[in-house]
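Architecture at a glance
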Amino acid sequence: MGSSVSTAGVSSVLPSTNISKVFGKNQDRPSKRHFGIELVSGQPQTPTLDTAFTKVSVDHIIKTTCPSLFHNGRGVRMVPTPFLLDGRAQTVYSVMQARKRDNHTDIRYDRELMDMSDGGIVSLDWYPERPVRKITTPSSSSSSSSSDGSHTHTGSASVPIVVVLPGSMGSSSEYYIRHLATTLDSQGPRGCRMVVVNHRGFARTPCITTRVQSFGYTDDLRQVIDYLQATYPESPLGAVGYSMGGNMLTKYLGEQSDHCKLSAAVTVCCPYDVTKLYNTISKSTLFNNRVLQPSLTKSAKWFIRRYEDVIQSGKDKYDIEALLRAKTVVEIDTLLTAPISGYESCGQYYRESSSFDYVPKIRTPLLAINSRDDPMVPVDAIPVESFRNNPSTALVLVKHGGHLGFFSGMVPRIWYMDPLVEFFNALLR
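What follows concerns unusual backbone geometry. Of note, the bond from Y127 into P128 is cis; its omega dihedral lies within 30 degrees of zero at -5 degrees. Summarising the element assignment, P128 is placed in the loop between β5 (121–127) and β6 (161–165). In this structure, L404 takes a positive phi of about 60 degrees despite not being glycine.

The tally for this structure, following the rule as stated, stands at 16 salt bridges. In this structure, E38 engages R372 in a salt bridge whose closest nitrogen and oxygen atoms are separated by 2.5 Å. A residue pair is termed long-range when its members are at least 10 positions apart, and E38 in strand β1 (residues 38–41) and R372 in the loop between β10 (366–371) and α14 (384–388) qualify at 334 residues. Of the residues examined, E38 reaches a relative accessible area of 25% and is grouped as partly exposed. On the basis of relative accessible area, R372 is assigned to the partly exposed category, the value being 38%. Of the charged contacts, one joins K100 and D102 as a salt bridge, the two residues approaching to 3.8 Å between their closest N and O atoms. The network of salt bridges with common partners includes D219, R222, D226 and K261.

We now examine the sheet that holds β6. Taken in spatial order, the nine strands make up an open sheet running β1-β11-β10-β9-β8-β6-β7-β5-β4, and their pairing is mixed. Edge strands, defined here as strands with exactly one partner in the open sheet, are β1 and β4 (110–115). Averaged over all adjacent pairs, the angle separating strand axes in this sheet is 20 degrees, with direction ignored. One ladder, built from five bridges, connects β5 with strand β7 (residues 193–198); its direction is antiparallel. Directly across from Y127, in β7, lies its bridge partner M194. Seen against the sheet, helix α7 (residues 244–256) touches β6, β8 (237–242), β9 (264–268) and β10 and runs at an angle of roughly 135 degrees to β8.

Bringing the packing of aromatic side chains into the picture now. Overall, the coordinates contain 16 aromatic pairs when judged by the stated rule. Considering the side-chain rings of Y278 and Y350, the 4.7 Å spacing of their centres and the 15 degrees angle between planes classify their relative orientation as stacked. Taken together, the residues span a long stretch of sequence, with Y278 in helix α8 (residues 274–281) and Y350 in helix α13 (residues 346–353) at a distance of 72 residues. Of the two residues, Y278 and Y350, neither departs from the other in class, the shared state being buried. Between F406 and Y416, the ring centres sit 5.6 Å apart and the planes meet at 85 degrees, which makes this aromatic pair edge-to-face. Highlighted residues: F406 in the loop between β11 (393–398) and β12 (407–408) and Y416 in the loop between β13 (413–414) and α15 (417–427), separated in sequence by 10 residues. Each of the two residues, F406 as well as Y416, counts as buried.

A probe as big as a water molecule, rolled over the atoms, marks out the empty space that is left. According to the stated counting rule, one finds two cavities of 30 Å³ or more in the structure shown. Around the largest cavity sit 13 residues that line it, and H199, R200, Y217, D220 and M248 are the ones nearest its centre. Breaking the lining of the largest cavity down by element, the ones donating at least two residues are α6 (219–231) and α7. Residue composition of the lining of the largest cavity, by class: seven nonpolar, three polar and three charged.

Here the focus is the side chain of H403. Positionally, H403 belongs in the loop between β11 and β12. The class for H403 is buried, based on a relative accessible area of 3%. A polar atom in the side chain of H403 sits 2.8 Å from the side chain of D374.

Looking now at the environment of I382. Residue placement: I382 occurs in the loop between β10 and α14. Using a relative accessible area of 5% as the deciding quantity, one classes I382 as buried. Linking I382 and S355, residues 27 residues apart in sequence, is a C-alpha distance of 9.7 Å. When residues no more than four places from it in sequence are discounted, the contact partners of I382 are Y272, F356, N370, V377, F387, L395 and L397.

Below, the discussion takes up the pairing of β5. With seven of seven residues buried, β5 lies mostly within the body of the structure. Every second residue of β5 is oriented toward a common face, with I121, S123, D125 and Y127 on one face and V122, L124 and W126 on the other, all of them buried. Where β4 meets β5, six bridges bridge the pair, whose relative direction is antiparallel. Within the sheet, the bridge partner assigned to D110 lies in β5 and is W126. Where β4 folds back on β5, the antiparallel hairpin that results is connected by five residues, among which G119 adopts a positive phi of roughly 95 degrees.

Grouped together as the largest cluster of nonpolar side chains are 56 residues, with contacts concentrated most on L124, L228, L249, L253, L262 and F387. Beyond its immediate chain neighbours, meaning those up to four positions away, L253 contacts C260, L262, A265, K361, I362, T364 and L366. Of all hydrophobic cores here, the second largest spans 48 residues; its members include I37, A89, C269 and I414.

What counts, and where the lines are drawn
- Residues numbered from 1 in each chain as written.
- Predicted model: local features only at pLDDT ≥ 70, side-chain atom pairs only at ≥ 80, totals over all residues.
- Heavy atoms only, no water.
- Helix = DSSP H or I, 4+ residues; strand = E, 2+ residues; numbered from the N terminus.
- Salt bridge = Lys/Arg side-chain N within 4 Å of Asp/Glu carboxyl O.
- Buried < 20%, exposed > 50% of the residue type's maximum accessible area, 1.4 Å probe, protein only.
- Pairing = 2+ DSSP bridges.
- Axes fitted to C-alpha atoms, helices over the stretch in contact; angles between N-to-C directions.
- Contact = heavy atoms within 4.5 Å.
- Phe/Tyr/Trp six-rings, centres within 6.5 Å; stacked < 30°, edge-to-face > 60°.
- 1 Å grid on protein atoms, 1.4 Å probe; cavity = no way out; pocket = protein on both sides within 12 Å on 5 of 7 lines; lining within 4 Å.
- Points joined across faces, edges and corners; volume = space filled by probe spheres on them.
- Nonpolar A, V, L, I, M, F, W, Y, C, P; charged D, E, K, R; others polar.
- Polar contact = N/O pair within 3.5 Å; in protein donor to acceptor, adjacent residues only side chain to side chain.
- Core = buried A, V, L, I, M, F, W, Y, C linked by side-chain atoms within 4.5 Å.

Set out below in structure tokens:
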């Protein structure tokens, strides 16, 4: 059903697994010269580039406003945490931090439920709280509460809003998303609000339709962004997509092209080519067999068990026993995700859900961050040439970041928070 590694799945696998066997006893320790980042971006062909922010390329924005990526006329380095030099170690460490709470991430959200056009429900988790809706009246425009009674900041109708899409099986509770919430609040555009779109059935969000989470379904995202733009018309909108959420966001940006209502977007570990992603994690390796596949299938089976009645409520019936016996995600996608989403085969589902071919159509400023040692997303799945030829986009390739890891420093911290905030500070004004 998706590609994000679950905490429960990893924790149940790792205690009985010899880590040195999974990662290899003799990992190469890269020298400092291997830590440079790669910036792939296009240059405008004409002075009338159609982008939402200015008539210059994203490459120019990065080189003039993002010192964490480009400083003193040259690219910078991303030096990984010394004990996390391998992409697999970065990935597992990220999963093990998923429920961690510290001074930066012990937060509470302001929840809003939103009805979808097909009868489904998504939840919107706001931080620090949802903005005041602008109401045009002769009286004072300030207010201490919204129409539904929730507490809100006074005079916040035009503050920037950043929409966040978690990865598969993920939600607003992920450590890196909570970390992003407090980072944007303290360092992002003035008054910035963050809102996480929790997928149907996750983070205590009701699942009442047969629409299950899938890589290529962008209609929920479109409806959320349309709602935000209509409700807060003076607020510039940005978006961040992680893993599967990054694929959905990239596809949405390409679908909307010149008509996109977002002012800026960032993706982290977008898979682009879903077929290559699953070909990679389906290879018979110790890491795949002992860590990735058990974790991913355990998460999917949790969803199937919890919402079996909803899944079976449609006209088509599915073999629940076979689904619960499945050993790989491809088996689950073949038996459930593809057919319930209207695809004739798993192969068609993967091909038509991929965002690879949508990158050339993007006209919204996009910063895409990927890692060369991602154990799930191979480098040849990334449309490097499309980024090179599209001045509305920029791709940052880090050599050692794993999947949703990117931990740097002796005390691990998430490296990409700085460029992400700098990018939004430049564009969401």
